[in-house]
Amino acid sequence: YDAPTGGNQLLMGSVTFTPTAVGTYYAEARDVINNCVSGRIAITIIENSVATPSSAGNEAICAGEPLPALSAMPAAGETIDWYDAPTGGNLLLMGSTTYQPTLAGTYYAESRSTTNGCTSNARIAVTLTIFDLPVPSVSSSNDPGCDDNDGSITLAVSGGLMPYQYQINNGTLQNNPTFGGLGV
């Protein structure tokens, strides 16, 4: 029933009932031989909600650097399970607020209650980006000749992300790819 007295009968003749929503439902027992009916008892269905975790932030590194651990933070009494998809997918790691990826990509953290095993309705995406290293080459050069300081080189760069800065011989970084006043 949907009320302690009167109300609408939701199911008859069964010892089990599957509600479609949270709330309070009322059950009674009936002796079918004598037609005696018990008083109704209240049964309250609650949803154990688990909050979506928060991300500690995406990570970005240059190729060749050590891969950082990704982190997510659950609420108190919860832990994190890591997946490779926003829904479904493969469980990568269970019960850890950090995940150590082996490749660049987006990974998904889901909160799970340590008390009842309920999980968050959504997963939070945490991304590891690995940037390609810039690759310099000499695009042009001017030989300074004997005992002169009028040589120059101009660098070209592929890979990485612009804008670039340039440096030779541990000198000052500069935005211009040409270095002049070079001697022998």
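Attention here is on the structure that accompanies the text. (Residues numbered from 1 in each chain as written. Predicted model: local features only at pLDDT ≥ 70, side-chain atom pairs only at ≥ 80, totals over all residues. Heavy atoms only, no water.)

## With respect to the overall build of the protein
Part 1 of the reasoning: Of the regular secondary structure elements, the protein holds zero helices and 15 strands.
Part 2 of the reasoning: Taken over the C-alpha trace, the protein has a radius of gyration of 33 Å; the compact-globule value for 184 residues is 16 Å, which it surpasses by more than 25%.
Part 3 of the reasoning: By its C-alpha atoms, the protein is 120 × 25 × 25 Å across when sized along the principal axes.
Part 4 of the reasoning: In the protein, the proportion of contacts linking residues at least 24 apart, taken out of those at least 6 apart, comes to 48%. (Helix = DSSP H or I, 4+ residues; strand = E, 2+ residues; numbered from the N terminus. Rg over C-alpha atoms; globule rule 2.2 N^0.38 Å. Contact = heavy atoms within 4.5 Å.)

## Some words on the pattern of salt bridges
Part 1 of the reasoning: This model, assessed by the stated rule, comprises four salt bridges.
Part 2 of the reasoning: The shortest N-O distance in the salt bridge between aspartate 81 and arginine 112 comes to 2.7 Å. Of the two residues, aspartate 81 sits in strand β8 (residues 78-83) while arginine 112 sits in strand β11 (residues 105-113), which places them 31 residues apart along the sequence. With respect to burial, aspartate 81 and arginine 112 carry one shared label: buried. (Salt bridge = Lys/Arg side-chain N within 4 Å of Asp/Glu carboxyl O. Buried < 20%, exposed > 50% of the residue type's maximum accessible area, 1.4 Å probe, protein only.)

## So, the side chain of serine 113
Part 1 of the reasoning: With respect to the helices and strands, the residue serine 113 is situated in strand β11.
Part 2 of the reasoning: We classify serine 113 as buried; its relative accessible area is 9%.
Part 3 of the reasoning: Of the polar contacts made by the side chain of serine 113, one reaches the backbone nitrogen of threonine 115; its length is 3.1 Å.
Part 4 of the reasoning: Side-chain polar atoms of serine 113 contact the side chain of asparagine 116, separated by 3.2 Å.
Part 5 of the reasoning: Serine 113 has contacts with Val50, Gly77, Glu78 and Cys118, leaving out every residue within four places of it along the chain. (Polar contact = N/O pair within 3.5 Å; in protein donor to acceptor, adjacent residues only side chain to side chain.)

## As for the pairing of strand β12 (residues 124-131)
Part 1 of the reasoning: Strand direction decides the pairing type here: strand β6 (residues 59-62) and β12, joined by four bridges, are parallel. From the neighbouring strand, isoleucine 61 faces β12, where its bridge partner is isoleucine 130.
Part 2 of the reasoning: Sheet topology places β11 next to β12; five bridges connect them, and they run antiparallel. Residue pairing across strands places tyrosine 107 opposite valine 126, the latter belonging to β12. (Pairing = 2+ DSSP bridges.)

## Topic: the nonpolar core
Part 1 of the reasoning: Listed in full, the ten residues of the largest apolar core are Ile61, Leu70, Ala72, Ile80, Trp82, Tyr99, Tyr107, Ala109, Val126 and Leu128.
Part 2 of the reasoning: Mapped by element, the contributors of at least two residues to this core are β7 (70-73), β8, β11 and β12. (Core = buried A, V, L, I, M, F, W, Y, C linked by side-chain atoms within 4.5 Å.)

## Quick word on the environment of glycine 89
Part 1 of the reasoning: The residue glycine 89 is located in the loop between β8 and β9 (91-94) in this model.
Part 2 of the reasoning: If sequence neighbours within four positions are ignored, glycine 89 has contacts with Tyr83 and Asp84.

## What about the environment of valine 50?
Part 1 of the reasoning: In this fold, valine 50 is placed in the loop between β4 (41-45) and β5 (54-55).
Part 2 of the reasoning: Along the chain, valine 50 and threonine 119 lie 69 residues apart, while their C-alpha atoms are 5.7 Å from each other.
Part 3 of the reasoning: Setting aside residues up to four positions removed in sequence, valine 50 forms contacts with Glu78, Ser111, Arg112, Ser113, Cys118, Thr119, Ser120 and Asn121.

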